[in-house]
Amino acid sequence: MIEAVRRTVVNDMTIQVATVNGSGSQSANNILLKSFFRMGIPVGGKNLFPSNIQGLPTWYTIRVNHRGYVGRKAQLDFLVAMNPNTAKEDYHQVVPGGVIICDSEWTIDPADRRDDVAWYPVPFAQLCKDNVENAKLRRLLTNMIYVGVVAELLGIDNEILDAALRDQFASKAKVVESNRKMIELGKDFVRKNLAKKDPFRVEKMNANGNKILIDGNSASALGCVFGGCTVVAWYPITPSSSLPESVIDFLNQHRKDEATGKNRFAVVQAEDEIAALGMVIGAGWAGARAMTSTSGPGISLMSEFVGLGYFAEIPAVIFDVQRVGPSTGLPTRTAQGDVLKVVTLSHGDTKHVALFPGSVQECFEMGWRAFDLADRLQTPVFVLTDLDLGMNNWMADPFEYPDKPLDRGKVLDADAIKRLGKFERYRDVDGDAVGWRTLPGTRHPAAAYFTRGSGHNEKALYTERGDDYVHLMDRLARKHQTAAQLVPAPVESSDSGAQIGVIAYGSTDSPMAECRDQLREKGIRSSYLRIRAFPFTRAVRAFIEKFERIYVIEQNRDGQMLALLRIEYPELATRLRSVRHYDGLPIDARFMSDHVIEQEHSSKKELIHG
Amino acid sequence: MIEAVRRTVVNDMTIQVATVNGSGSQSANNILLKSFFRMGIPVGGKNLFPSNIQGLPTWYTIRVNHRGYVGRKAQLDFLVAMNPNTAKEDYHQVVPGGVIICDSEWTIDPADRRDDVAWYPVPFAQLCKDNVENAKLRRLLTNMIYVGVVAELLGIDNEILDAALRDQFASKAKVVESNRKMIELGKDFVRKNLAKKDPFRVEKMNANGNKILIDGNSASALGCVFGGCTVVAWYPITPSSSLPESVIDFLNQHRKDEATGKNRFAVVQAEDEIAALGMVIGAGWAGARAMTSTSGPGISLMSEFVGLGYFAEIPAVIFDVQRVGPSTGLPTRTAQGDVLKVVTLSHGDTKHVALFPGSVQECFEMGWRAFDLADRLQTPVFVLTDLDLGMNNWMADPFEYPDKPLDRGKVLDADAIKRLGKFERYRDVDGDAVGWRTLPGTRHPAAAYFTRGSGHNEKALYTERGDDYVHLMDRLARKHQTAAQLVPAPVESSDSGAQIGVIAYGSTDSPMAECRDQLREKGIRSSYLRIRAFPFTRAVRAFIEKFERIYVIEQNRDGQMLALLRIEYPELATRLRSVRHYDGLPIDARFMSDHVIEQEHSSKKELIHG
Amino acid sequence: MAEVGTVNRLGFNRQEYTGSPSTLCNGCGHDSITNHIITALYEIGADPYTFAKMSGIGCSSKTPAYFLSKSHGFNAVHGRMPSVSTGAKLANHELTMLAVSGDGDTASIGIGQFCHLIRRNVRMIYVIENNGVYGLTKGQFSATADTGSKQKDGTINELETIDCCELAITLGCTFVARSFSGDKKQMVPLLKAAMSHDGTALLDVISPCVTFNDHEGSSKSYAHVRETDTPLHEIGYVPSYEETVADYAEGSETDIRFPDGSTIRLKKLDHDYNPKNKVEAVAMLEESRKKGILTTGLIFVDTARKDFNATLHMVDTPLIRLSDAELRPSRETLSRIVESYR
Amino acid sequence: MAEVGTVNRLGFNRQEYTGSPSTLCNGCGHDSITNHIITALYEIGADPYTFAKMSGIGCSSKTPAYFLSKSHGFNAVHGRMPSVSTGAKLANHELTMLAVSGDGDTASIGIGQFCHLIRRNVRMIYVIENNGVYGLTKGQFSATADTGSKQKDGTINELETIDCCELAITLGCTFVARSFSGDKKQMVPLLKAAMSHDGTALLDVISPCVTFNDHEGSSKSYAHVRETDTPLHEIGYVPSYEETVADYAEGSETDIRFPDGSTIRLKKLDHDYNPKNKVEAVAMLEESRKKGILTTGLIFVDTARKDFNATLHMVDTPLIRLSDAELRPSRETLSRIVESYR
Ligand SMILES: Cc1ncc(C[n+]2csc(CCOP(=O)(O)OP(=O)(O)O)c2C)c(N)n1
Ligand SMILES: Cc1ncc(C[n+]2csc(CCOP(=O)(O)OP(=O)(O)O)c2C)c(N)n1
Ligand code: SF4
Ligand code: SF4
Ligand SMILES: [Mg+2]
Ligand SMILES: [Mg+2]
């Protein structure tokens, strides 16, 4: 039996909708998400979907939190169970004191009948049957009933909800109408038939200021557009596809010649990832800003071309929206499992530049900066996001317009060569280890050079000489040092009197504030360094030097960032500890803090005993 | 002016023949090499050739050394200059007191006229013209004149030389005859026209006992044949090609059905490296012992399939005969630049098993053992050699016949399943983290399972559950620990009272004895650990723990083995120092000892000042 | 055709040829093909323990999980199923290789391996479940999308389409058929014949994607395919263990005999078509492309060429069944070899 | 043909179209092709500053270093030149893409990219220097090795040969020619025409490897090629800036006009051949294969299809010349976009 709840819980809950994919619940969930958002309550939405198209279990989780914790929280308060196949398991996910909404017609096994939650049965199927004639539409529209139910139970603002509904279906008045009707049905049912027995409520607040709600792939795509990218070559793969697909949409909207309607860009859906990167390399060589986007298997396939880009020094931007696993793995789950792989990609001695956006703002910002970096450094630049960041919706401050013009890097045109009197492609004339380049088509007899992935000297002539090779490889190593000057520095945030350091990167940032609050509650003050790029900048070493124990928290099995830090800072290696989460769900704050606390305790024990 | 030399130098010299490739000098060099070898003098031959087919400079270096130092020695004693295009540079490579043989018709720039060497002009072109009618044959036969010249100057045993000549041209009496004639011409010319002014001589000794002379690729190929390999899929690439090509030869000789003449093997020249490994994976899955062989670019292309092999647990053997560079690099130069790349190959969390043969014996032994390991561990196993080891001729003790029968690993047939009553492909029933497998075609209703690179549970059923994934990945990590029990342990060799440790692997072993003697001369006693596999066995840690300073010596820019050691042993990371050689030539003893000594001195300085 | 009772000649009922339940969209063409495969296997009395089910990645490539649960299956990586199949077949030639791929898996990323598989004539059944789009990644055009076909969002394919049948014929494929997932009557005998064929048997089956490519303007929608489907002939399959009964009028039929003794019988429809002529086949496909029709049936067959295992002169014993003694040469052999390096 | 003086219409002498000295074997067919390329460029008065020389890996792929030293060149990775070329052409469509590849580079590892390049009809000249072997890795058979051809060590190729011309035609290639490195008279006008062609212009040139594939029993030896070479027609090229003079008898010639105003004139030899018919082209190639002859000439041409840049509806300005303002939308645009996510 549920205890009568007096206390109310306002603007702090995790709601999960359990459905099947292909059932159109995404619109319903978006409307809920947007409503909370516009009520000024911090919110985050995460979609947990299967690697298929229709009919398999899918969960959408909305976290509403007045303190701004919008990372994943494993504990579930509020369940909308729409999928009978997973209901049994779903029921048991809810915390005591939580809420379960399900179809009143379902027979529920007594073993699953929890009496520590508020149980709201709703005759979804029946309501729908009674109110929707078109059988095809029924499945779609059922979802709107739960929107109404949830809205009524939680007290979502009516006007805001209706505006979110209208936005969702744009201008299609008829669609809006039929959906609105279903929402009303849901609300009405609650009002007439259900007594509120749970503590959860939402109330307008003002925490979201100027913020927007956007997924990381759209943000990265915008970064590409504002980074001046003109050539996009890609091959579809989850969870990356929506990135280039968004680029296409944005380019079509914002990069056409108004007079002729023609494209100031080229997008090619390549035959595979090898060809995709090949096209990017070709375009970059010819002087365009070019990018591709992929996930794990594509990264593996791109290995050989990445080595060419590194060795022949050709700009390219590669987005890796990481997913789980070696091989095909879990295509619809999130991970940070390519970090070490990407920065050492391809055979032989290579070290690549990689950026790790930690938020959708940074997807945008590093998105455009990646093109500047690639041109400036004349090398492939990776931008590593992940499924969680890329495909889920996140709140963000409005994106800032680039603070500097496009940096095309060191390119000489015919006039410049005339002035200089000579040109040698691979000579380090400026001490930054980056040579000047010319573009094909440059009208000067000294402009041409031959690009190759085999041995070449400063004049770009073929060579097999050992000293030439060493000279080139040493310069490339120095170029990596130049890169360390140019990549985004890490971001530090410190408690006063911090006892430990915490290092994370990418989407692992999102539950970090919550995690550190949890640590603080246990008396552990921490300093947090968010790494934003490889090569590491000086600040990374400085941070590690400050603490005896630093926890490197990441979402892979093998501690890939940890490995990189150990390689780069052997003398600090023993300070580094590891917290790793790799079940494919976004890491949550409790997991992080529990593991840090546990290791802190055992380290203290060691001190006492040892 | 050359000083009159009284002292003689017996059985200790480095001879270099400078020619152009495609000129047929290989036969001449082989005859010389074999003659020294059969005279019982330790000898090693290294071919330095360009990445083209005909007409470019090529150098063949023979090191003769009574102490058994047959690794590369950068210093050159004895030059046979047959290539006018490189002569200028070649002359200056010779040590004072050395020898230069060249064509007496060449005009030599006074600046190149060294008077600190013994200079022997020989009218090669003229002798040839006078004695060979067929103009086409002339170029080939010229080489035999220098064989005669060298033989006479050094005192190569006549009978042995003639036997080597006959072996070289097998049974072709006419060819032997015409070549013999040229050798005699050379000898005769020396006898009649040249006064010996250099100290170098060879004399029969008895250092080679039972030894053989063989290249690493042939040895590896023999390993495959004795490892029971039945399916070979490959794609040509230097310096790997001669490995599968030797496998083909050996299989044709030793693995035919005598009755029908049919093949008990299948060799496919695949369309590329992706397909090559795909075929190997398919064959391994079906139960065959299968292998492929490649070099750097092929390794990059194989990434995706390697990840599948790791994740779906399919045996495969992959030889990587390493060459220089990222991208195409220097295809005909040697390196150890794939070490880190190979053991972490493919996206996501992967850790692969790799063997590092340090000699031709080990190419053979690890060659066959790799198949046992792959079957036992059900995973791709890499065997990493390099151009130096693979394509050059090395002395070796006769190969030992495998000390145990083929180990086909954990395979259940229909009877076994009947007995057991059930079968679950990916369950760790024995605690070694390796499941039992069945082969397609097994006649039992419970035998079939579905192999996939996507998420799977113990029953090989598709799953996207986080706990299943973690369970699987953790087992794979444990399997790596099992591997550490099975791979070859490192080999240790210690000076009493050793002050430092030295770690090397693969072909870096060959000059190590010489290097440690050089260190000893400078008062530095060392212990040497030769790593033979990844994962590291316990002995590696134990070794590092013994010394304050351990030098990891390897042939790549980035210290790839060093990186692996730092990742695996962070608490020992600061003990590890690095000596890296990466100009594409085999590392030589002096380079190693100089660099160790230099760092030893600076470490001592540090101790004094700090 | 064999009378369909509750069990077939091996004593198996139809159920025993099925697999786990499909997770594809309701109405997906691929599920129909799965059914046809099950029917063909059941009717022909196939021995499940001899099969290896091969596929790449995609909705189509998932389907081997949905039939023949008693057979081993291998879901390889995207576009690389041909090489894995080649390796497996070399290892054990007694396996009947039954492969399913998608148009993206075959004609986009996989076209290289597809070409070389055909060149080698590896004995296998290769079914392309061709919907003109990448189903699993949500509907992008594949390389088999027809020129002028429309995507759901209105985008038109302006690129040339790759006709896998024409490509295969050009490359010397020895069995090339085209069909439609909705045409059980045609597909089942074609599948049976494919199993009898000693070489690569390609079936390019138009298999509509109801979720992403079944709308107006799509040339691979059910409606459009039904409208333009033009069979070359009526097809009957007579297994080796049944007697051939001549029940057609003289001249109206062609019999093609496979090395295993079975026969495929092509009954002429409105015009003559000779599936043994490469150039005629190409001409027919070009004509169909021009006319915008989908010609289905057995387009080309050549029963004379050697399969890959034969080309490689392999022994009859499957390699995986060779004994240790047959695999590892003797101690004496090693000594002899070593001796030759002295 | 233009009178060959010491300089051409741009004032360049022949020397200015050369590159660094070849490092190939003496007598290698590839060196002859290099010469024909230089001749064609010189005669036509090509502007070296507009060229991009593309290649993969192999002896053949080295040759771009041996011509047009004033042009940028790109020696990509093995088999992947087509994608790199596609990218470069998209970035700057004013570049004249002149690509050289080998038979291994194109038909083995590169066949996937080759197929898709053709499908896209990227405007470029694509010369396959076809010797049937991998020269650079010492003579292994490639996928274009003819069935029955013998290797130096006596091994016979028992696999089907891939005919790159037939393959290209099947895939819709818009300019397909075959020639022989030793036939300057045929190759030079073909190369000129290829430069005029608005799409992918394929020249599959048999180019004997003297070191590994020029022996008795090889179907790609000089001797065998000379013996079996059968030209389809005599070829003349009239550039746009010259007047066409009708100097052939009525009916004995075919003129094909390219969009740039130039014309290729095919003079009939012993039989009629129409290079505009796909099926006829395939039939001819099949016939040649059967007869064991090497038919050379312009096999197929289609001047109507759009090239890839046109298919992509790209602006006339090369992408690399767009201004920063054209590339980066305004501050206001960003605000508007951001607004839409509120
Ligand atoms: C290397 C790689 N790239 C991309 C993907 C993503 N991917 C999965 S299925 C698929 C396309 C499948 O299309 P098709 O073969 O036509 O099968 P369908 O789903 O249409 O049946 C792609 C691109 C992948 N799994 N691996
Ligand atoms: C990925 C990769 N695999 C293999 C090689 C080795 N390789 C270099 S050239 C070549 C074959 C070249 O043959 P072809 O294209 O016919 O050129 P040819 O030398 O005959 O002119 C190969 C296999 C390579 N460079 N890269
Ligand atoms: S998405 Fe298309 S191809 Fe995939 S299961 Fe659904 S209908 Fe079939
Ligand atoms: S090996 Fe053959 S292809 Fe290569 S350069 Fe020599 S002759 Fe030419
Ligand atoms: Mg498809
Ligand atoms: Mg070739």
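All values reported here derive from a predicted model rather than from experimental measurement.

Novice: Describe the coordination of the magnesium ion (ligand 5), listing the residues and the values that go with them.
Specialist: Donor atoms from the polypeptide that bind the magnesium ion (ligand 5) are D103 of chain C (OD), N131 of chain C (OD1) and V133 of chain C (O), placed at 2.1 Å. Within one chain, the residues donating to the magnesium ion (ligand 5) are spaced in sequence as D-x27-N-x1-V.

Novice: Describe the sheet that holds strand β23 (residues 550-554) of chain A, with residues and values.
Specialist: Residue and element names in this part refer to chain A. Ordered by their spatial adjacency, five strands build an open sheet running β19-β21-β20-β23-β24, and the pairing between neighbours is mixed. Each edge of the open sheet is held by one strand with a lone partner, namely β19 (491-494) and β24 (576-580). Sheet twist, expressed as the average angle between the axes of neighbouring strands with direction ignored, equals 20°. The pairing of strand β20 (residues 500-505) with β23 spans three bridges and is classified as parallel. Of the residues in β23, the one forming a bridge with V502 is Y551. Against the sheet, helix α16 (residues 512-521) contacts β19, β20, β21 (526-531) and β23, and its axis sits at roughly 160° relative to β21. The strands that helix α18 (residues 560-568) touches are β20, β21, β23 and β24; relative to β23, the one it contacts most, it runs at about 135°.

Novice: Lay out the interface of chain A and chain B in plain terms, naming residues and giving numbers.
Specialist: Many authors give the size of an interface as the accessible area that is lost as the parts come together. Facing 63 residues of chain A, the contacting portion of chain B comprises 63 residues. For the chain A and chain B pair, buried surface summed over both sides reaches about 5300 Å², with 56% attributable to carbon and sulfur atoms. On the chain A side of the interface with chain B, the three residues burying the most area are H347, E464 and R557 of chain A, jointly 15% of the side's total. Joining chain A to chain B, the criterion identifies four salt bridges. Taking the shortest distance from any N to any O, the salt bridge between R333 of chain B and E464 of chain A comes out at 3.7 Å. Counting across the interface, chain A meets chain B through 47 residue pairs in polar contact (both at pLDDT 80 or more).

Novice: Explain the packing of aromatic side chains to me, and be specific about the residues and the numbers.
Specialist: What the rule picks out here adds up to 38 aromatic pairs over all chains. Between F175 of chain D and F258 of chain D, the aromatic rings sit 6.1 Å apart at their centres with planes inclined by 35°, giving tilted as the arrangement. Note that F175 of chain D is positioned in strand β7 (residues 175-180) and F258 of chain D in the loop between β11 (253-257) and β12 (263-268), a separation of 83 residues in sequence. The same class applies to F175 of chain D and to F258 of chain D, which are both buried. By way of ring pairs, the aromatic residues F226, F364, F399 and Y401 of chain A are connected into one cluster. One Lys or Arg, R113 of chain B, reaches over the ring of W119 of chain B and ends 4.9 Å from the middle of that ring. Directly above the aromatic system of W368 of chain B lies the positively charged group of R328 of chain C, at a separation of 5.3 Å from the ring centroid.

Novice: I'd like to hear about the nonpolar core, residue by residue, with values.
Specialist: Core analysis: the largest hydrophobic core is formed by 241 residues, its most contacted members being I531, M561 and L565 of chain A together with I531, M561 and L565 of chain B. Sequence-distant contacts of L565 of chain A, defined by excluding residues within four places in its chain, comprise I503, I531, F536, V540, I544, V552 and L576 of chain A.

Novice: Can you lay out the side chain of E600 of chain B for me, pointing to particular residues and giving the numbers?
Specialist: All names here are of chain B. With respect to the element layout, E600 can be found in helix α19 (residues 589-609). A polar contact is formed between the side chain of E600 and the side chain of Y551, at a distance of 2.7 Å. Beyond its immediate stretch of four places on either side in the chain, E600 contacts I500, I524, R549 and Y551.

Novice: An account of the relation of the copies chain A and chain B is needed here, citing residue identities and associated values.
Specialist: In screw terms, the move from chain A to chain B is a rotation of 180° and a rise of 0.0 Å along the axis, fitting with an RMSD of 0.0 Å. Here the symmetry operator amounts to a two-fold rotation axis. In this assembly the copies share their binding face: 100% of the residues contributing to the interface of chain A also contribute to that of chain B.

Novice: Please give an account of the sheet that holds strand β10 (residues 233-238) of chain D that cites residues and values.
Specialist: All names here are of chain D. Read across the sheet, three strands follow the order β10-β12-β11 without closing on themselves; strand pairing throughout is antiparallel. Of all the strands in the sheet, just β10 and β11 have a single pairing partner and so form its edges. Across the sheet, the axes of successive neighbouring strands diverge by a mean angle of 20°, strand direction being ignored. Sheet analysis places β10 next to β12, joined by six bridges and oriented antiparallel. The residue bridging H233 from the neighbouring strand is K268, located in β12. In the packing of helix α7 (residues 184-196) onto the sheet, the strands contacted are β10 and β12, and the crossing angle to β10 comes to about 50°.

Novice: Would you mind going over the side chain of S83 of chain C in detail, with residue names and values included?
Specialist: Looking at the secondary structure, you find S83 of chain C in helix α3 (residues 81-91). Beyond its immediate stretch of four places on either side in the chain, S83 of chain C contacts I274, A275, G278, M279 and F305 of chain B together with Q113 of chain C.

The rules we used
Residues numbered from 1 in each chain as written. Chains lettered and ligands numbered in written order. Predicted model: local features only at pLDDT ≥ 70, side-chain atom pairs only at ≥ 80, totals over all residues. Heavy atoms only, no water. Donors = N, O, S within 2.8 Å, 3.2 Å for Na, K, Ca; no water. Pairing = 2+ DSSP bridges. Helix = DSSP H or I, 4+ residues; strand = E, 2+ residues; numbered from the N terminus. Axes fitted to C-alpha atoms, helices over the stretch in contact; angles between N-to-C directions. Contact = heavy atoms within 4.5 Å. Buried area = accessible area lost by both parts, 1.4 Å probe. Salt bridge = Lys/Arg side-chain N within 4 Å of Asp/Glu carboxyl O. Polar contact = N/O pair within 3.5 Å; in protein donor to acceptor, adjacent residues only side chain to side chain. Phe/Tyr/Trp six-rings, centres within 6.5 Å; stacked < 30°, edge-to-face > 60°. Buried < 20%, exposed > 50% of the residue type's maximum accessible area, 1.4 Å probe, protein only. Lys NZ or Arg CZ within 6 Å of the ring centre and 35° of its normal. Core = buried A, V, L, I, M, F, W, Y, C linked by side-chain atoms within 4.5 Å. Least-squares fit on C-alpha atoms with pLDDT ≥ 70 in both.

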